[in-house]
Amino acid sequence: MPEPVVAVVQTGPRALELVELPRPRVGRDDAILRVEACGICGTDVEQYRGELDGVIDLRYPLVPGHEPVGVIDEIGSDAAERWRLAPGDRVAVEPFLPCGGCRYCLSGSYEHCNGWAQMMSYGFVPTAVAPSIWGGYATHLYLHPKAVLHKVPASIAPHVAVLFNPLGAGVRWGVTLPRTTLGATVVVLGPGQRGIAAAVAAKVAGARLVIITGLGRDRHKLDLALELGADVAIDVELEDLVPRVRELTGGAMADVVLDVTANATRPVVDAVDLVRAGGTIVLGGLKGTEVPNFPSDKIVLRGITVIGARGVTADGYREALSIIEQQRFPLEKLQTHTFALADAELAIQTLAGEIPGEHAINVVIQP
Ligand SMILES: [Zn+2]
Ligand SMILES: [Zn+2]
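Since the structure is predicted, the reported quantities are computational estimates derived from the model, not experimental observations.

### What to know about the UniProt feature "domain: Alcohol dehydrogenase-like C-terminal" (unreviewed entry) in the protein chain
Move 1: When the UniProt feature table is mapped to this numbering, "domain: Alcohol dehydrogenase-like C-terminal" (unreviewed entry) covers residues 195-325.
Move 2: Annotated as 41% helix and 22% strand, the span residues 195-325 places its first and last C-alpha atoms 20 Å apart.

Okay, structure coming up:
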């Protein structure tokens, strides 16, 4: 009898349990990952609190965790050939499972895949769907034939490799989508792990001036952003943002503005005043509400491009792993907390800022 899988199962809002689930048998075209680390992000916090109920197709119970890294534990012969992987290889797992056949998958936009009968993304599939272990809050994860995997160089430790997820978002949202080029001025609104990662990615892409903003309580995040390559950090509670950026850019304003603040709607309005005519705004932070006084006329008259950033795709993750491997930036400083599987709830609460005295940026669960 193979050892059972130990997993954290979510049964409802703020309800997590540690359970044993049967280990599935591996077929020719799938595999099992031994999870070494699973990153958590703002989406994990919303999922834990039940804030995604009704927003996405979510049925309990399920094993959360959509940012896993681990080693191949067991792999079928066809899967080994297709993925070019062998037992012991370390991989990062993308959250989305593309069906491969819908119009979005066929046109390379698999983050919008609608070819499955239900949402197929790691961390969001109910345990009722065989073989149950679809999340990274577990000792083992089922690797479906459609899973998208990235081989992680052996030189990158699992707790650092797990940064592939926020950094992948930084690459796609801060560089690829807005086409950030050499010499660009980039303003990042919001100094969370994705905001800091976007600042890093913009510097890698050759941006001349990277400005990041936050609140007074974000001081530790702003300081880290400066250490990782941002040129200027602005505390918007102390300084008037738009005039300050005008001064810093000699009136030219920003080529690219990325908003990764959660819930706050003011940054969306600010972004329109921060970007130059013909510039690009990327919106990556969910607000859970409409934006009041949305300046639609300014967008028209100044020819501004507004892009909604949904998730990350393979190019972003591949580039993120390459940036991690280059070790040009001490990215491991992003990681502030590590928890055991049994402490998953504490991990989420720590990232959410619900634990007094803890200043989290990137939090990882290591089963
Ligand atoms: Zn995430
Ligand atoms: Zn599809």
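Once the structure has been displayed, the description carries forward.
### With respect to the nonpolar core
Move 1: Formed by 109 residues in total, the largest nonpolar core has its most connected members in Phe164, Val188, Ala199, Val257 and Ile324.
Move 2: Here this core gets eight residues from one element, more than from any other, and that element is helix H6 (residues 193-204).
Move 3: Split by domain, this core shows at least three residues from each of two domains, domain 1 (5-162 + 329-365) and domain 2 (169-308).
Move 4: The residues contacting Ile324, other than those within four sequence positions of it, are Ile156, Val160, Ala161, Leu163, Phe164, Leu167 and Leu331.

### A short note on the sheet that holds strand S9 (residues 209-214)
Move 1: Ordered in space as S10-S9-S8-S11-S12-S13, the six strands form an open sheet in which the pairing is parallel. Both edges of this open sheet fall to strand S10 (232-235) and strand S13 (305-308), since each of them pairs with a single strand only. When strand polarity is set aside, the average angle formed by the axes of neighbouring strands in this sheet is 15 degrees.
Move 2: Across four bridges, S9 lies against S10 in parallel orientation. Bridging across to S10, Gly214 finds its partner in Asp235.

### Considerations on the domain arrangement of the protein chain
Move 1: The domain boundaries assigned to the protein chain delineate domain 1 (5-162 + 329-365) and domain 2 (169-308).
Move 2: Distance between the C-alpha centres of domain 1 and domain 2: 29 Å.
Move 3: Of the residues lining the interface, eight residues belong to domain 1; the matching set on domain 2 comes to ten residues.
Move 4: Grouping the constituent residues of the side of domain 1 that touches domain 2 by class yields four nonpolar, three polar and one charged.

### Let's talk about the environment of Gly214
Move 1: Along the polypeptide, Gly214 turns up in strand S9.
Move 2: In this structure the C-alpha to C-alpha distance between Gly214 and Gly195, which are 19 residues apart in sequence, comes to 9.9 Å.
Move 3: If sequence neighbours within four positions are ignored, Gly214 has contacts with Gly190, Pro191, Lys221, Leu222 and Asp235.

### Notes on unusual backbone geometry
Move 1: The step from Tyr60 to Pro61 runs through a cis peptide bond, and the omega angle for that step is -10 degrees.
Move 2: Tracing the chain through its elements places Pro61 in the loop between helix H1 (42-49) and strand S4 (68-75).
Move 3: Here the amide bond leading from Ala130 into Pro131 is cis, since omega sits at 0 degrees, within 30 degrees of zero.
Move 4: Mapped onto the secondary structure, Pro131 falls in the loop between helix H3 (103-106) and strand S6 (140-143).
Move 5: The phi dihedral of Arg179 falls on the positive side, at around 55 degrees, and the residue is not glycine.
Move 6: The residue Arg179 is located in the loop between helix H5 (164-176) and strand S8 (185-189) in this model.
Move 7: Positive phi values are uncommon outside glycine, yet Met253 reaches one of about 65 degrees.

Calculation criteria
Residues numbered from 1 in each chain as written. Chains lettered and ligands numbered in written order. Predicted model: local features only at pLDDT ≥ 70, side-chain atom pairs only at ≥ 80, totals over all residues. UniProt positions renumbered as here; feature names shortened; annotations may be inferred. Helix = DSSP H or I, 4+ residues; strand = E, 2+ residues; numbered from the N terminus. Core = buried A, V, L, I, M, F, W, Y, C linked by C-beta atoms within 7 Å. Buried ≥ 20, exposed ≤ 12 C-beta atoms within 10 Å, placed from the backbone. Domains from an automatic or database assignment. Contact = placed C-beta atoms within 7 Å. Pairing = 2+ DSSP bridges. Axes fitted to C-alpha atoms, helices over the stretch in contact; angles between N-to-C directions. Nonpolar A, V, L, I, M, F, W, Y, C, P; charged D, E, K, R; others polar.

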